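Below, each chain spelled out in residue letters.
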Amino acid sequence: MVELTGAKALVESLRVEDVKHIFGLPGGAVLPLYDVLYDDPGIKHILVRHEQGAAHAADGYARASGKPGVCLTTSGPGATNLVTGILNAYMDSSPVVAMSGQVPSKLIGADAFQEADMLSVMLPIAKHNFIVRSVAEIPHIVKLAFKIATTGRQGPVHVDLPKDMQADKADVEIPARVEYVKPTVFELDLARVLEAVDLLAKAKRPLMYAGGGAISSSASAELVALAELLGAPVVTSLMGKGAIPEDHPLALGMIGMHGRMVANLAVTDCDVLLGVGVRFDDRATGDVKHFAPKAKIIHIDIDKVEIGKNVRVDVPILSDAKRALAAVLEGLRARAKRGRPSEWLTRIEKLSKELSPRMDYDEVPMKPQRVIKEIMSVLGGDAIVVTEVGQCQMWAAHYYVVKKPRHFISSGGLGTMGFGFPAAMGAKVARPECDVVDIAGDGSFLMNSQELATVVENEINVVVCILNNRFLGMVKQWQDLFYQKRRSAVDLGMVPDFVKLAEAYGAYGDRVTRPGEVAPKLREALRCGKPVVLDIPIDPDEHVLPMVPAGGRLDQMLT
Amino acid sequence: MKTRIFSVLCENSPGVMMRISRDFTRRQINIDSITVGIEPTGLARIILMFKADDHMAEHLHHVLSRLTQVVDAEVIDPEASIVREVALLRTKRLSDEKMWDVVRRIEKAGGRVLESRGNVLVAELSGVHEDIENVVKALGPDILQETARSGQVYLGRRTAKDR
Ligand SMILES: Cc1ncc(C[n+]2csc(CCOP(=O)(O)OP(=O)(O)O)c2C)c(N)n1
């Protein structure tokens with residue numbers, strides 16, 4: 001037991017959790033805490049320019065590194081600015097620990113200056129949340145917050161810190177014990193595993209479908225080994241991109257609304273579908289009645305809520321993806337040798353060739369496919385690609401070949417414009433040795449472009465490639481396709497000049513207009529030792545195709 | 001849609017009730033009754049009664065089980081447990097004749113009169129939800145001034161093995 005202020009106890013507790021970086025922005029209700037951070041040698045605080053940026057940065061940090069990201073704000077408006085970022089992390093199961101100041105305990109409920117009822121606000125959008133009621137419980141709450149964020153199905157946790165709880169002293173114990181944490185590791189149901197093994201061994205057209213859960217449980221090695229053993233092609237969700245190297249001969253790419261056609265056709269045709277850490281989201285499945293209509297479905301997931309929620313499941317396996325896959329592998333290896341489903345593989349291979357997406361366009365203004373192709377030619381497998389939301393995101397998801405898990409970061413469940421740039425910043429802080437590139441739309445980038453100040457000040461050298469169509473492109477696409485081209489409120493006009501915007505912040509800006517120039521300019525950008533914005537004007541009329549209209553069937557794509 | 005009863009064992013701390021009830025609100029499920037009691041262990045037991053189809057009931061069961069502060073969520077089978085409800089009824093001012101009629105009906109239903117002042121009765125009824133519902137409906141708003149209902153309380157039946 002030592003006597004400490006709450007603020008000091010909090011920082012000591014963060015140290016126990018191995019926190020090295022905090023993204024935040026101070027205010028009145030967190031002054032005691034910022035006073036402790038002022039000369040703390042072990043924790044680097046990165047001052048953002050908007051708290052939404054802090055939340056997304058912590059999220060990007062977590063996705064790139066697998067370690068929890070941490071953000072910190074003042075009470076009231078600072079705390080409410082976290083809302084979108086926290087929900088974004090929740091929808092994509094990203095481990096974030098967010099903390100906010102709160103008005104002093106005795107003023108809570110009095111509509112005090114900058115009071116927001118964050119316990120209620122965060123309740124439906126975080127995995128869990130706390131308010132500190134005594135200084136002595138701070139180490140305990142911090143421990144629980146990190147434990148909850150990082151175990152089971154991961155997710156964000158918010159801690160509300162009344163100002164007096166930071167300033168007051170108490171005898172505290174660090175590290176504290178954890179009294180009750182919900183069990184998150186389940187007994188693996190071997191009978192179910194063997195049922196799955198049976199189905200897979202007999203399958204004539206097996207298919208694996210990997211999601212974010214395969215990445216967060218680091219199950220890539222098992223996933224690939226199983227695919228190879230079965231001779232099963234692998235498709236992914238948006239969140240699953242990178243779970244299998246996408247240049248692997250069995251990898252077919254993403255499924256869904258803007259998925260690869262071969263991937264969607266494989267889902268429609270397979271006779272056994274093994275879902276691994278996926279939640280069968282409606283953007284991925286299309287019309288569930290026609291999703292994998294010929295298949296028995298095996299579903300491995302760590303969250304019972306997801307099993308059977310959206311699609312019928314024949315064999316549910318409640319487990320961490322890595323452990324379940326390892327067990328299925330064991331089970332299969334114990335069986336007598338079996339042939340590869342060669343007919344199926346030949347068919348898929350043929351389709352794959354026929355449907356391979358075209359990227360070699362030479363037009364000016366450039367086609368986005370061409371831009372992605374050039375970006376890909378420069379970046380190695382170690383680069384982390386982050387995306388904004390809209391057409392830019394779906395072009396990246398459709399065409400970009402991701403080679404490693406945690407190297408493709410995108411806002412999946414919430415589809416948050418403005419996520420990409422601050423998330424790229426967080427990813428770069430977590431993995432400074434990697435090149436980090438944000439594939440952005442002009443609309444999305446403007447939603448958090450103020451973080452240019454943060455990346456310049458902190459020398460966080462990320463590159464933003466704006467696929468600039470001067471439109472809210474994805475909305476325009478829907479209006480073009482489903483609302484008789486009545487382009488309502490989607491024209492962004494010709495402002496700003498993104499090169500000048502970058503320069504105003506002290507970043508490097510450049511414009512790329514011709515095919516063949518993207519690659520050299522990106523190479524230069526990665527070498528220039530500054531954050532970079534590349535403004536790349538593209539054909540404003542280009543649509544993301546093929547496409548499954550909302551609620552349509554995966555095997556009936558618009559082309 | 002079938003009536004469901006969930007028994008949720010959870011931490012006894014502020015916000016738990018809100019976390020649980022909002023999972024219903026969000027899915028547009030109306031909670032018909034909700035009771036809270038503290039167990040000898042210090043944990044709280046919340047008993048909820050609501051109507052939902054099978055798919056939704058199962059989904060809600062998983063959703064509640066997932067909550068950090070929930071230790072255990074059980075689906076109660078009314079057949080295999082003792083489920084009771086207590087109701088307090090206050091009548092309007094009644095004629096002598098009406099009053100004695102009500103007394104007879106309450107007693108016949110196994111209830112008892114707790115108080116009577118100036119031809120206003122206060123009575124207590126306990127039993128299964130449907131029986132109480134029937135009495136309250138039969139008396140109706142012409143007779144009843146107000147009612148207070150406990151919601152569902154239950155104990156699991158002991159199995160042979162427990163004894
Ligand atoms: C915060 C937020 N607001 C609105 C939307 C709806 N929306 C989805 S895509 C999109 C257009 C995105 O435009 P831009 O960033 O320029 O990318 P583009 O589609 O043109 O590539 C909009 C407005 C959203 N996803 N997020």
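In this text, all values refer to a predicted model and were calculated from it rather than measured experimentally.

Caption draft 1: The overall build of chain A, seen in detail. Of regular secondary structure, chain A possesses 23 helices and 20 strands. Computed over C-alpha atoms, the radius of gyration of chain A comes to 24 Å, within 12% of the 24 Å expected from 2.2 N^0.38 for 559 residues, which places it in the range of a compact globule. Once the C-alpha set of chain A is aligned to its principal axes, its extents read approximately 70 × 60 × 40 Å. Each of the 559 residues in chain A was classed as buried or not, and the buried ones make up 57%. Across chain A, every contact between residues at least 6 apart in sequence was considered, and the portion connecting residues at least 24 apart equals 75%. Accessible surface for chain A amounts to roughly 21300 Å². Of this, 53% is attributable to carbon and sulfur atoms. If the 63 positive side-chain charges of chain A are averaged to one point and the 67 negative ones to another, these points end up 6 Å apart.

Caption draft 2: Representation of the overall build of chain B within the structure. Looking only at helices and strands, chain B features four helices and nine strands. Listed N to C, the secondary structure of chain B is β-α-β-β-α-β-β-α-β-β-α-β-β in terms of helices and strands. Overall, chain B is about 55 × 40 × 30 Å in size when its C-alpha atoms are taken along their principal axes. The buried share of chain B, taken over its 163 residues, is 40%.

Caption draft 3: Spatial organisation of helix α23 (residues 518-527) of chain A. Residues and elements named next belong to chain A. Of the residues making up α23, those classed as buried are Val518, Ala519, Leu522 and Ala525. For α23, the angular spread of buried residues about the axis comes to 120 degrees, placing them on one side. Looking at the packing, one finds that the buried side of α23 touches α16 (368-378), β18 (463-468) and β20 (532-537).

Caption draft 4: Seen up close, the site of the ligand. All names here are of chain A. Around the ligand, a shell composed of 17 residues is seen, among which Gln391, Gly415, Gly443, Ser444 and Gly473 lie nearest. Contact distances for the ligand include 3.0 Å between an oxygen atom and a side-chain N or O atom of Asn469. A distance of 3.0 Å separates an oxygen atom of the ligand from a polar atom in the backbone of Phe471. Computed on the free molecule, the ligand has an accessible area of 580 Å², of which 76% lies beneath the protein chains in the complex. Elements with a minimum of two residues in the shell around the ligand: α17 (391-399), α19 (442-447) and α21 (473-482). Taken together, the residues that form the shell around the ligand break down as eight nonpolar, eight polar and one charged.

Caption draft 5: Quick look at the domain arrangement of chain A. Residues and elements named next belong to chain A. What the domain assignment reports for chain A is domain 1 (2-172), domain 2 (190-354) and domain 3 (368-537). Put simply, the middle of domain 1 and the middle of domain 2, counted by C-alpha atoms, are 38 Å apart. Between domain 1 and domain 2, the residue contacts involve six residues of the former and six residues of the latter. Contact between domain 1 and domain 2 buries roughly 500 Å² in total, counting both sides, with carbon and sulfur atoms accounting for 52%. The interface formed by domain 1 and domain 2 includes two salt bridges. Residue Glu306 pairs with Arg153 through a salt bridge whose shortest N-O separation is 2.8 Å. Applying the counting rule to domain 1 against domain 2 returns two residue pairs in polar contact (both at pLDDT 80 or more). Counted by class, the side of domain 1 that touches domain 2 contains one nonpolar, two polar and three charged residues.

Caption draft 6: Layout of the environment of Glu195 of chain A. All names here are of chain A. With respect to the element layout, Glu195 can be found in helix α9 (residues 190-202). With 52 residues separating them along the chain, Glu195 and Lys143 place their C-alpha atoms 39 Å apart. Contacts of Glu195, omitting those with residues within four sequence positions, involve Asp314 and Val315.

Caption draft 7: Region of the structure containing the side chain of Asp164 of chain A. Residues and elements named next belong to chain A. Mapped onto the secondary structure, Asp164 falls in helix α8 (residues 163-167). Buried within the structure, Asp164 lacks any salt-bridge partner; its nearest side chain of opposite charge belongs to Lys106, at an N-O separation of 6.9 Å. With sequence-adjacent residues up to four places away left out, Asp164 is seen in contact with Pro104 and Ser105.

Caption draft 8: Looking closely at a nonpolar patch on the surface. A surface patch of nonpolar side chains, amounting to about 340 Å² of accessible area, comprises Leu481, Phe482, Tyr483 and Leu558 of chain A. Relative to the assigned elements, Leu481 of chain A resides in helix α21.

Caption draft 9: A look at the packing of helix α1 (residues 6-16) of chain A against helix α7 (residues 138-150) of chain A. Residue and element names in this part refer to chain A. Two elements in contact, α1 and α7, have axes separated by 9 Å at closest approach and are oriented at 35 degrees. The chirality of how α1 crosses α7 is right-handed. For the pair formed by α1 and α7, the contact residues are Gly6, Ala9, Leu10, Ser13, Leu14 and Val16 on the first element and Ile138, Pro139, Val142, Lys143 and Phe146 on the second.

Caption draft 10: Molecular detail of the domain arrangement of chain B. Residue and element names in this part refer to chain B. Domain annotation of chain B identifies domain 1 (2-76) and domain 2 (82-154). Contacts between domain 1 and domain 2 engage nine residues on the former and seven residues on the latter. With both chains or domains summed, domain 1 and domain 2 bury close to 620 Å², and 74% of this area falls on carbon and sulfur atoms. Interface area lost by domain 1 to domain 2 is led by Thr35, Ile47 and Met49, which between them contribute 54%.

Caption draft 11: Structural detail: the pairing of strand β13 (residues 296-301) of chain A. All names here are of chain A. With respect to burial, β13 is a largely interior element, five of its six residues being buried. The pairing of β13 with strand β14 (residues 315-318) spans four bridges and is classified as parallel. In the sheet register, Asp301 faces β14, and the bridge partner there is Leu318.

Caption draft 12: Region of interest: the sheet that holds strand β9 (residues 206-210) of chain A. All names here are of chain A. The strand order across the open sheet formed by six strands is β11-β10-β9-β12-β13-β14, and the pairing between neighbours is parallel. On the outer flanks of this sheet lie β11 (251-254) and β14, each paired with one strand and no other. Across the sheet, the axes of successive neighbouring strands diverge by a mean angle of 15 degrees, strand direction being ignored. Looking at chain direction, strand β12 (residues 272-276) and β13 are connected through five bridges and run parallel. If you follow Val272 over to β13, its bridge partner there is Lys296. In this fold helix α11 (residues 220-230) packs onto β9, β10 (234-236) and β12, with an angle of close to 170 degrees to the strand it touches most, β9.

Caption draft 13: Molecular detail of the interface of chain B and chain A. With 17 residues of chain B at the contact, the number on the chain A side is 17 residues. Summing the contributions of chain B and of chain A, the shared interface buries around 1600 Å²; its carbon and sulfur component is 56%. Between the two partners, chain B and chain A, sit one salt bridge. For Asp303 of chain A, the salt bridge identified is with Arg66 of chain B, shortest N-O distance 2.4 Å. At the junction of chain B and chain A, the tally comes to two residue pairs in polar contact (both at pLDDT 80 or more). Counting residues per element, the ones that place at least two in the side of chain B that touches chain A are α1 (16-26), α2 (54-66) and β4 (70-76) of chain B. If you tally residues by element for the side of chain B that touches chain A, the top one is α2 of chain B, at six residues. Grouping the amino acids of the side of chain B that touches chain A by side-chain chemistry returns six nonpolar, seven polar and four charged.

What counts as what
- Residues numbered from 1 in each chain as written.
- Chains lettered and ligands numbered in written order.
- Predicted model: local features only at pLDDT ≥ 70, side-chain atom pairs only at ≥ 80, totals over all residues.
- Heavy atoms only, no water.
- Helix = DSSP H or I, 4+ residues; strand = E, 2+ residues; numbered from the N terminus.
- Rg over C-alpha atoms; globule rule 2.2 N^0.38 Å.
- Buried < 20%, exposed > 50% of the residue type's maximum accessible area, 1.4 Å probe, protein only.
- Contact = heavy atoms within 4.5 Å.
- Areas by Shrake-Rupley, 256 points an atom, 1.4 Å probe, with all protein chains shown as cover.
- Lys, Arg positive; Asp, Glu negative; His and termini not counted.
- Charge placed at Lys NZ, Arg CZ, Asp CG, Glu CD.
- Arc of directions from axis to C-beta.
- Near = heavy atom within 4 Å.
- Polar contact = N/O pair within 3.5 Å; in protein donor to acceptor, adjacent residues only side chain to side chain.
- Nonpolar A, V, L, I, M, F, W, Y, C, P; charged D, E, K, R; others polar.
- Domains from an automatic or database assignment.
- Buried area = accessible area lost by both parts, 1.4 Å probe.
- Salt bridge = Lys/Arg side-chain N within 4 Å of Asp/Glu carboxyl O.
- Patch = residues over 30% accessible without salt bridge, like charges linked within 9 Å, V, L, I, M, F, W, Y side chains within 5 Å.
- Axes fitted to C-alpha atoms, helices over the stretch in contact; angles between N-to-C directions.
- Left-handed = near helix turned anticlockwise from the far one by under 90°.
- Pairing = 2+ DSSP bridges.

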